[in-house]
Amino acid sequence: MATPRDTFVDALRESLHAARKFERALTKMAEAARNDKLRSRLFGHRDVTGRQIERIEEVFGSTDRKPSGRTSPAADALAREVPPSDLEIVLHAIKIEHFELAAYKTLTKLAEGEKMRRARSLLEKNASESAHAANQFELMVSEVEEEASQAAS
Ligand SMILES: [Fe+2]
């Protein structure tokens with residue numbers, strides 16, 4: 001039977017796989033975005049994601065387990081999609097951030113149960129950055145929506 005530590009490590013592997021996929025997906029979405037602010041937010045968050053990956057790798061360092069061996073079909077599906085319009089890109093980015101937020105919150109809880117203080121604080125940092133990014137993208141929705149309806153009229 002899987003121990004809580006096994007569950008934690010598997011969830012961490014999934015998040016590492018997901019973050020690497022999202023880092024590339026954010027680059028593709030940024031390149032596809034027409035709105036300058038949206039493009040720069042996407043590139044900016046791509047860089048934040050790079051630092052989140054480093055934190056997950058640091059957490060792995062404290063577990064003595066291999067970071068490989070697990071993928072995330074849900075993250076793969078989210079990362080594969082590059083939406084065709086700015087509005088759909090920003091909505092998709094929000095979806096990705098909420099997916100990450102849920103994963104980092106779960107991991108934070110598991111790290112707490114495992115009494116891994118440093119891991120917990122690193123994962124909390126990732127959770128709060130994902131929440132912040134979701135919020136920043138949400139703030140862009142009406143602007144992008146406005147542009148889309150002007151272009152259509
Ligand atoms: Fe993110």
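Residues numbered from 1 in each chain as written. Predicted model: local features only at pLDDT ≥ 70, side-chain atom pairs only at ≥ 80, totals over all residues.

Chemist: Please provide a residue-by-residue account of helix H4 (residues 86–113), values included.
Modeler: Spanning 28 residues, H4 covers 41 Å between terminal C-alpha atoms, matching the ideal 40 Å at 1.5 Å per step. Of the residues one or two after H4, Lys115 is the one with positive phi, at around 55°. (Helix = DSSP H or I, 4+ residues; strand = E, 2+ residues; numbered from the N terminus. Expected span 1.5 Å × (residues − 1).)

Chemist: Give a description of the packing of helix H2 (residues 36–61) against helix H5 (residues 117–152) that names residues and reports values.
Modeler: Between H2 and H5, the shortest axis-to-axis distance is 10 Å and the interhelical angle comes to 170°. Relative to H5, the element H2 is oriented roughly antiparallel. For the pair H2 and H5, the crossing hand works out as left-handed. Each of Lys37, Leu38, Arg41, His45, Val48, Gln52, Arg55, Glu58 and Val59 in H2 lies in contact with H5, whose residues at this interface are Ala119, Leu122, Leu123, Lys125, Asn126, Glu129, Ala133, Gln136, Phe137, Met140 and Val144. Of the residues belonging to the contact of H2 with H5, the class tally is 10 nonpolar, 4 polar and 6 charged. (Axes fitted to C-alpha atoms, helices over the stretch in contact; angles between N-to-C directions. Parallel < 35°, antiparallel > 145°, perpendicular 65-115°, else oblique. Left-handed = near helix turned anticlockwise from the far one by under 90°. Contact = placed C-beta atoms within 7 Å. Nonpolar A, V, L, I, M, F, W, Y, C, P; charged D, E, K, R; others polar.)

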